[in-house]
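# Per-entry structural report
Here is what each chain is made of, one letter per residue.
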Amino acid sequence: MRLSFFVSLLLLLLPGSNIHSQQSKNPYHETILEELRNYAATGGPEKVYVQTDKEFYGRGETIWFKAYLVDGVTHTQSTKSKIAYVELWNEKDSLIALRRLHIEDFGAAGDIKINDSLQGGIYTLRAYTKYMLNEQEPLFFHKQIPIWDSPKIVAKPEKPTVEDDMDNSLLSPIIRPNIEFFPEGGYLVSGLENVTGIKATDKKGNGLALQGKILDESGNPVAFFRTFDFGLGNANFTPEAGKKYYARIDNGEIDASFPLPKPLAKGYVLNLKNKGDHILIKVTSNDERGLQGFFLLGHLRGEIIYKHHIEKPNAKGDAIFKLSTDGLKDGVAQFTLFARDGEPLCERLVFLDSPDNLELSISTEFMDYGVRKPVSTMITLKDETGAPVQGELSVSVVSSTNDPKRHAETNIKSWLLLDSDLGGTVPDPDYFFVDNSSSRKQLLDLLMLTHGWRRFVWKDFRDTLTTRVLEHDPEKGIVIRGTTTAFYNSNKSLKSQVRFTILDEGAYQEQSPTNFQGEFSFGPLIFQDSIQGILEAFALGKKRKPEVAIYIDSTVFSVPFSQPVKRKSTFAPTGNVQDYLETAWKKMETDFAYSPKVTQLQEVTVIGEKRTRAKFIREKADEITLHGEPTMRLFTDSLPGLLGASMMDMLRRVPGVQVFGTYPNQSAILRPTGFLRGSEPIYIVDSGPTPWESARFMMASEVEFLDVLKGGAAAIYGGRGGNGVVAIYTKGSLLIPPPVTKRFPGVASFTVSGVYKAREFHSPNYAVPKKEHEKPDYRTTLHWEPKLPVAKNSPPSFSFYTGDSTGEYIIKVEGMTLDGQPVQRLSRFTVSKEGSKM
């Protein structure tokens, strides 16, 4: 009878429809809907994903990559930013490489050459746009990249510990776990059946497999539970009013209880069951006022997929609804129950994962090829009806020895659909997309049930949407900004007419007036490499035209780095990795031996040393400093790109130093050994202590050189130097005539770096014999195609030649369809001495 009662209450609501439009509208609920629509239309975030040609690298290799930029709601091409940043950071939080990219269509290609002298370790690739900084918790893309500096594996870049491998085994008797409880909807409510998510982890946050029971305050068991992969599990029970509950694990060595949240006397429970083709939604309450007037809302990344006003007369107890998933996109959906006054009461995440309605296929003519043979590859992308689908792909063909079977790997699908909406905290996002088994779907639902972080928090959303002011506009290109002042009084702004001229090939000129504060800007501009130009200005609105000084703002931009959420890494070097490194090392030696730029010289003996100007300057600098050998010394005239930069911008060039804020409110952390987090270093200007309040105003143009002292190098300053020392020496302090750039009234020159111009991936063509083909071919990446458009009636194809290294190779394809669906596929072939019968 109870079941038939529930069935009679089922309501089928198609996505985006509203079957209660004839009912009176609640102004609070309508405001929520309007705010959400505005967010999806104009205020949504952006997402960046980066595909690399390989998963790890050796010294001297190149990281070939493609950065994808999409709208955070629809996953279609972003209409906001056209500039994205990709960076490589080492384990000491030092910036190794920066690429500023111009986004066309879905993305942009780039590359990073790994220096021969780079130390091996786990590096981090980070990608973002300036627009992302408007979010309270900006979510950048991070990818860990192991780099080896030796052809032999003498040590693992990241060494898993015994505790790191505990998630698939039952709990060791000596480890006390951390157990968290997540009641579905948010709360345990007395008298209402509840599903409680359980997450068991060790002290490092790694999931634990264990089992136990839920007990009431009298020690009576009310439910049993077991956690599986990632330490996730659940328990079903109905709490009684006034009772407390706790969990106890089945391990006699640990005598500890883990208290559950205290049940509410009155409240609401939101229960969701993902049935694949539909979502079953059940709302229950023990409040005598019932559910009448409440509002149930579901959205996918901000796009409304379900809305229902509960207006059943005298609605009390339960309400059950059914949402068809037909036509819905994949990803993390969020369902919220709102009270009559718009207060969110319950919330539940659910992952929508419709059966694959896209077919991405990769085909080669043969499965086995000989060395230095052509490989022609065809790619097709079709929907469930067999119709071609348009999109944009990127492809890499690499040795399978570069496939370390690392479970914590992220691909474009797992990042965009799952990890990016859960804070980048999923320990193994790709695990949930390996297959469509029921066990993985069940585990994915437990992940939704137990995940505390999500991109969308209603309270923060509603508080910030009404008062939100964008600090960072979407970046469309490079903008040249600056101010004009009185020539002999830089504190007096002048409204001026400014003319902007580019002197390089393809000369360009424009002019415009400044505002009353003397501020001007030109752009956005898109150009590669660097450009040189001139700014000219004359004062407006003055009978006597005063002489004008032009100050150009620095175009240097960086965001302080912090290590991403630590994942459980199962990257374990194997024999395949060793084989890969040996091949990569052979390629590097071969490239060196056959390089036309290398000339072998006979041995010579140096019997004297010329005293260069650089050496003379270093000696003079040592004479005037109070300390000994600095940790690092920077000379202003040796650093490019400091036009308009501050002294703090110079500090960004020092490994391990983090600079926060914008001029003139910048601060720095030197991170010496044993530093106190959040504490400023001491500043010394021309051998005299100077407060930060004064040092922060200094420009790079005022500095001759500066020394950074960390750890023992700062010992001469005693305890005050515990957080490091920045010793600044201004122009003229060396008593050496400096090469001063003279400032002239009404004119200023500039050099500005443009967007990065990606190098072209070189692949040999063995169809035409050449002298250079005598060189052994040990390529580990046979092909890299960063942009492969998929037209409606023209399947994309590409071809390449195999090298001299035999074994298995992987064709990796990732990309986006025009309607915002991520796609990913792998295919394999082999190269052997015999090859296929071709």
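Residues numbered from 1 in each chain as written. Predicted model: local features only at pLDDT ≥ 70, side-chain atom pairs only at ≥ 80, totals over all residues. Heavy atoms only, no water.

### Here we look at the overall build of the protein
Looking only at helices and strands, the protein has nine helices and 46 strands in total. When the 838 residues of the protein are sorted by exposure, 50% land in the buried category. For the protein, contacts bridging at least 24 residues in sequence account for 71% of all contacts bridging at least 6. Just so you have it, the protein exposes about 40400 Å², and 52% of that area is on carbon and sulfur atoms. (Helix = DSSP H or I, 4+ residues; strand = E, 2+ residues; numbered from the N terminus. Buried < 20%, exposed > 50% of the residue type's maximum accessible area, 1.4 Å probe, protein only. Contact = heavy atoms within 4.5 Å. Areas by Shrake-Rupley, 256 points an atom, 1.4 Å probe, with all protein chains shown as cover.)

### Focus on the pattern of salt bridges
What the rule picks out here adds up to 28 salt bridges. Between Lys66 and Glu392 there is a salt bridge; the shortest N-O distance is 3.0 Å. On the criterion of sequence distance, the pair formed by Lys66 in strand β4 (residues 62-71) and Glu392 in strand β27 (residues 391-399) is long-range, its members being 326 residues apart. For Glu288, the salt bridge identified is with Lys266, shortest N-O distance 3.6 Å. Of the two residues, Glu288 sits in the loop between β18 (278-285) and β19 (294-300) while Lys266 sits in the loop between β16 (258-259) and β17 (268-274), which places them 22 residues apart along the sequence. (Salt bridge = Lys/Arg side-chain N within 4 Å of Asp/Glu carboxyl O.)

### A short note on the sheet that holds strand β24 (residues 358-364)
Sheet architecture is open: three strands sit in the order β24-β26-β44, paired in antiparallel fashion. Edge positions in the sheet fall to β24 and β44 (797-801), since each has one partner strand and no second. Between one strand axis and the next, the sheet turns through 20 degrees on average, direction left out of account. Relative to strand β26 (residues 374-383), β24 runs antiparallel, the two sharing seven bridges. Across the sheet, the residue bridging to Leu360 is Leu381, located in β26. (Pairing = 2+ DSSP bridges. Axes fitted to C-alpha atoms, helices over the stretch in contact; angles between N-to-C directions.)

### Observations regarding the sheet that holds strand β6 (residues 95-102)
With mixed pairing, five strands are arranged side by side in an open sheet as β3-β9-β8-β5-β6. Of all the strands in the sheet, the pair left with one neighbour each is β3 (57-58) and β6. When strand β5 (residues 83-89) meets β6, the two strands line up antiparallel, connected through seven bridges. For Leu88, the partnering residue across the bridge sits in β6 and is Ala97.

### Some thoughts on the nonpolar core
Core analysis: the biggest nonpolar cluster contains 62 residues, and Val50, Ile63, Val86, Phe500 and Leu535 have the highest contact counts within it. Top contributing element to this core by residue count: β4, with six residues. For Phe500, the contacting residues outside a window of four places in its chain are Ile480, Tyr508, Gln509, Glu510, Phe522, Leu525, Ile534, Leu535 and Phe750. (Core = buried A, V, L, I, M, F, W, Y, C linked by side-chain atoms within 4.5 Å.)

### Digging into the packing of aromatic side chains
Applying the stated criterion to the full structure yields 28 aromatic pairs. Taking 5.2 Å as the distance between ring centres and 90 degrees as the angle between the ring planes, the aromatic pair formed by Phe141 and Trp415 counts as edge-to-face. Taken together, the positions of Phe141 in strand β9 (residues 141-148) and Trp415 in helix α3 (residues 412-417) put the pair 274 residues apart, joining distant regions of the chain. A centroid spacing of 5.5 Å and a plane angle of 10 degrees characterise the contact between Phe500 and Phe750, whose relative ring orientation is stacked. With Phe500 in strand β30 (residues 496-502) and Phe750 in strand β42 (residues 747-753), this residue pair connects regions lying 250 residues apart in the sequence. The pair formed by Phe500 and Phe750 is uniform in burial state, with each residue classed as buried. Through pairs of rings, three or more aromatic residues link up here, namely Phe366, Tyr369, Phe798, Phe800, Tyr809 and Phe829. Taking NZ or CZ as reference, Arg440 lies 4.0 Å from the ring centre of Tyr431, over its face. (Phe/Tyr/Trp six-rings, centres within 6.5 Å; stacked < 30°, edge-to-face > 60°. Lys NZ or Arg CZ within 6 Å of the ring centre and 35° of its normal.)

### Quick look at helix α2 (residues 27-43)
Taken together, the buried positions of α2 are His29, Ile32, Leu33, Glu35, Leu36, Tyr39 and Gly43. One face of α2 carries all of its buried residues, which in axial projection span an arc of 165 degrees. Pointing more than 90 degrees away from the buried face of α2 are the exposed residues Pro27, Ala41 and Thr42. If you check the start of α2, you find a side-chain oxygen 2.8 Å away from the backbone N of Tyr28, and it comes from Asn26. (Arc of directions from axis to C-beta. Polar contact = N/O pair within 3.5 Å; in protein donor to acceptor, adjacent residues only side chain to side chain.)

### Observations concerning the side chain of Asp71
Within the element layout of this structure, Asp71 appears in strand β4. Accessibility expressed as a relative area gives 11% for Asp71, which makes it buried. Beyond its immediate chain neighbours, meaning those up to four positions away, Asp71 contacts Pro45, Thr76, Gln77, Ser78 and Lys80.

### Comments concerning the confidence of the model for the protein
Per-chain confidence: the protein averages 83 in pLDDT, with 84% of residues scoring 70 or above. Within the protein, helix α1 (residues 2-9) has the poorest average pLDDT of any element, 34, and β4 the best, 97. pLDDT under 50 marks residues 158-173. Its contacts with residues more than four places away, or in other chains, come to 48 contacts. Low pLDDT (under 50) marks residues 672-677, which in the prediction has 10 contacts with non-local residues, meaning those over four places away or in another chain. (pLDDT = per-residue confidence, 0-100.)

### Things to note about the environment of Val86
Checked against the element boundaries, Val86 lands in strand β5. What makes Val86 buried here is its relative accessible area of 0%. The sequence separation of Val86 and Leu125 amounts to 39 residues, and the corresponding C-alpha distance is 7.0 Å.

### With respect to the environment of Val747
For Val747, the location among the structural elements is in strand β42. By relative accessible area, which is 31% here, Val747 ends up partly exposed. Each C-alpha atom, one on Val747 and one on Arg499, is 9.4 Å from the other, the two residues being 248 residues apart in sequence. Once residues within four sequence positions are removed from consideration, Val747 is found in contact with Ile534, Leu535, Glu536 and Ile550.

### Focus on unusual backbone geometry
Look at the link from Gly523 to Pro524: it is a cis peptide, with omega at 10 degrees. Among the secondary structure elements, Pro524 is positioned in strand β32 (residues 519-525). Even without glycine at this site, Asp93 takes up a positive phi of about 60 degrees. For Phe230, which is not glycine, the phi torsion reads 65 degrees and is therefore positive. In this fold, Phe230 is placed in the loop between β13 (221-226) and β14 (232-237). For Phe230, a relative accessible area of 12% gives the class buried.

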